[in-house]
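Chain by chain, the residues:
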Amino acid sequence: GINAEYMGSGNVSKHVSLVSEISERIRQRSLLKISALEQELACKNEHKSQLDRLIELIQSPETQPKDCIRLVLLYAIRYEKDANNALPSLRDMLNNKGLSPNQLELVDKMLKYGGSKARQSDLFNREGLGGVIDTVKKNLSGVQNVYTQHKPLVRSIIEKVTKGTLKTVRYPFVQSFAPPNPDQWKPKEIIIFVVGGATFEEALFVNAFNDPSNLKNSANSSVQDQPSLLGAVPLPKRGTSGPEARCLLGGTTILNSAAFIEEVNLYQ
């Protein structure tokens, strides 16, 4: 429980005021609706329903321009190859929303920076049998939390490393350090360094991979949420005689959406 000293210190009223202010900001900017759509754009191929919700949010006076452009950028890289994509009309809506010409150029810059021609892998896992199987699994199991549907690429990399199935064609060894049978090698220590920056989502996953009990102590997670956060990565069992794998995540910076969009804007 909360002791009397804490209750009388004014901390409770401060916290209540802070939470109330945050809740009001979330309501004013429709951030729950925006966050849910961001997750769906990243994880699901449902063009019609997503476009309808996107248009509704752009046309809403509550949605800020910076949130609109972020949603349109996600839509652009998700549906750039879709013959029915609505990018021209979405640009017009952004223009009517008051975005500057420089901000409108972000759509084309985003496609050059991270579109299908610039990527070396299937960003949305839509191609091949693996993508179909993953979609079926999601539909069968359901989603416990619509705000944590997305799984970072780090998850797939760590899963393959721990299983000894990471393809060295895409992730090659420095020749002088290559172990015997590198395609089947299972290291005890994994270091992932992201040039361009790592994200808080990736850091959360790596932290949970190293110690799953961290999720139990998370402010926004519960024990039953762990499968949705960790996905199918086999977490090492501590205290067993088998080898334990641990991961260290690094990067040139810690990214948020504003920093990433700034980087895209500088792209030539």
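The following paragraphs examine the structure supplied in this document. Just so it is clear, the model here is predicted, and its values are computed rather than measured.

What counts and what doesn't
- Residues numbered from 1 in each chain as written.
- Predicted model: local features only at pLDDT ≥ 70, side-chain atom pairs only at ≥ 80, totals over all residues.
- Heavy atoms only, no water.
- Helix = DSSP H or I, 4+ residues; strand = E, 2+ residues; numbered from the N terminus.
- Buried < 20%, exposed > 50% of the residue type's maximum accessible area, 1.4 Å probe, protein only.
- Contact = heavy atoms within 4.5 Å.
- Areas by Shrake-Rupley, 256 points an atom, 1.4 Å probe, with all protein chains shown as cover.
- Lys, Arg positive; Asp, Glu negative; His and termini not counted.
- Salt bridge = Lys/Arg side-chain N within 4 Å of Asp/Glu carboxyl O.
- Core = buried A, V, L, I, M, F, W, Y, C linked by side-chain atoms within 4.5 Å.
- Axes fitted to C-alpha atoms, helices over the stretch in contact; angles between N-to-C directions.
- Left-handed = near helix turned anticlockwise from the far one by under 90°.
- Phe/Tyr/Trp six-rings, centres within 6.5 Å; stacked < 30°, edge-to-face > 60°.
- Polar contact = N/O pair within 3.5 Å; in protein donor to acceptor, adjacent residues only side chain to side chain.

### Re the overall build of the protein chain
Looking only at helices and strands, the protein chain features 14 helices and four strands. The buried share of the protein chain, reckoned over its 268 residues, is 31%. Pairs at least 24 apart in sequence give 73% of the contacts found in the protein chain among residues at least 6 apart. Carbon and sulfur atoms make up 55% of the accessible area of the protein chain, which amounts to about 17000 Å² in all.

### Some remarks on the side chain of glutamate 202
Note that glutamate 202 resides in helix 11 (residues 200-210). Arginine 155 provides the closest opposite charge to the buried, salt-bridge-free glutamate 202, at an N-O distance of 12 Å. Those residues in contact with glutamate 202 that sit more than four places away from it in its chain are Pro152, Val154 and Leu249.

### Brief notes about the nonpolar core
Counting residues in hydrophobic clusters, the biggest one holds 29 residues, and the most contacted among them are Leu54, Ile58, Tyr75, Leu90 and Leu94. Ranked by residue count, the leading element in this core is helix 5 (residues 65-79), at nine residues. Here tyrosine 75 is in contact with Leu41, His47, Leu51, Leu54, Glu80, Asn84, Asn85, Ala86, Leu87 and Leu90, once residues within four sequence places are set aside. Judged by nonpolar contacts, the second largest core, of 14 residues, contains Val154, Ile158, Leu166 and Val206.

### Some words on the packing of helix 3 (residues 31-43) against helix 4 (residues 47-59)
Packing of helix 3 against helix 4 leaves a shortest axis separation of 11 Å and a crossing angle of 150°. Helix 4 is crossed by helix 3, and the crossing has left-handed handedness. Facing Lys33, Ile34, Ala36, Leu37, Glu40 and Leu41 of helix 3, the residues of helix 4 in contact are Gln50, Arg53, Leu54 and Leu57.

### Let's talk about the packing of aromatic side chains
Scanning the model with the defined rule gives three aromatic pairs in all. A centroid spacing of 5.2 Å and a plane angle of 50° characterise the contact between tyrosine 75 and tyrosine 79, whose relative ring orientation is tilted. With a gap of four residues between them, tyrosine 75 and tyrosine 79 both fall in helix 5, about one helical turn apart. Of the two residues, tyrosine 75 and tyrosine 79, both sit in the buried class. Judged by centre distance (5.6 Å) and plane angle (80°), the ring pair of tyrosine 113 and phenylalanine 260 falls under edge-to-face. Within this pair, whereas tyrosine 113 is found in helix 8 (residues 106-114), its partner phenylalanine 260 is found in helix 14 (residues 257-265), the two being separated by 147 residues in sequence. Among the aromatic side chains, those forming a connected cluster through ring pairs are Tyr113, Phe260 and Tyr267.

### Considering the side chain of histidine 47
Within the fold, histidine 47 resides in helix 4. A relative accessible area of 15% places histidine 47 in the buried class. For histidine 47, the side chain forms a polar contact with the side chain of tyrosine 75, separated by 2.5 Å. Setting aside chain neighbours within four positions, we find histidine 47 in contact with Tyr75, Tyr79, Asp82, Asn84 and Asn85.

Remember that the coordinates give geometry; whether it matters functionally is a separate question.
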